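As a plain string of letters, each chain reads:
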Amino acid sequence: MGEILSEQLFSTISFYDSAENFYHGFLGGILSQSENYLVKSNRESGKGRSDICMKSPSLRGRSFILEVKVSDSIDDLEADAKKALRQIYDKKYMDELRMEGYRKIDCYGVSFYRKDCEVRFGK
């Protein structure tokens, strides 16, 4: 996933497009192209708002929570992706999906630095 996103960033964005809301919109736009999932942005859940939530129309399907961070340097990418993933658990962003009845919830921490990104997966 990280390689695909980095390729997209390299071929589409400017070096100056580096605010968190830009990357959030970029990622939301790519993910919303899926016909199999509903994509929601900044929805309140648990003790805060997750950046992006995707869910199958069927409760038997998968659901996903993505948290986005912007790194200050390329050396911070990995730590910031881990921090984003930790935030999902600390703020209990999965609670709403669980209350709706979803059992398969995947979590992703994504960090960006200019045209590079790092993705961390958790359950």
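Everything numeric here is computed off the predicted structure, so don't read it as measured data. (Residues numbered from 1 in each chain as written. Predicted model: local features only at pLDDT ≥ 70, side-chain atom pairs only at ≥ 80, totals over all residues. Heavy atoms only, no water.)

Trainee: So what's going on with the pattern of salt bridges? Which residues, and what values?
Mentor: Under the defined criterion, the tally for this structure stands at 7 salt bridges. Measuring nitrogen to oxygen at the nearest pair gives 2.9 Å for the salt bridge that ties Lys 55 to Glu 100. Here the residue Lys 55 occupies a position in strand E2 (residues 48–55), and Glu 100 occupies one in helix H4 (residues 95–100), the gap between them amounting to 45 residues. The buried category is assigned to Lys 55, whose relative accessible area is 14%. Of the residues examined, Glu 100 reaches a relative accessible area of 31% and is grouped as partly exposed. Linking Arg 120 and Glu 78 is a salt bridge whose minimum nitrogen-to-oxygen distance equals 3.4 Å. (Salt bridge = Lys/Arg side-chain N within 4 Å of Asp/Glu carboxyl O. Helix = DSSP H or I, 4+ residues; strand = E, 2+ residues; numbered from the N terminus. Buried < 20%, exposed > 50% of the residue type's maximum accessible area, 1.4 Å probe, protein only.)

Trainee: Can you break down the side chain of Ser 50 residue by residue, with the values?
Mentor: You can see Ser 50 is positioned in strand E2. Contact partners of Ser 50, with chain neighbours within four places excluded, come to Asn 42, Arg 43, Ile 65, Leu 66, Glu 67 and Tyr 93. (Contact = heavy atoms within 4.5 Å.)

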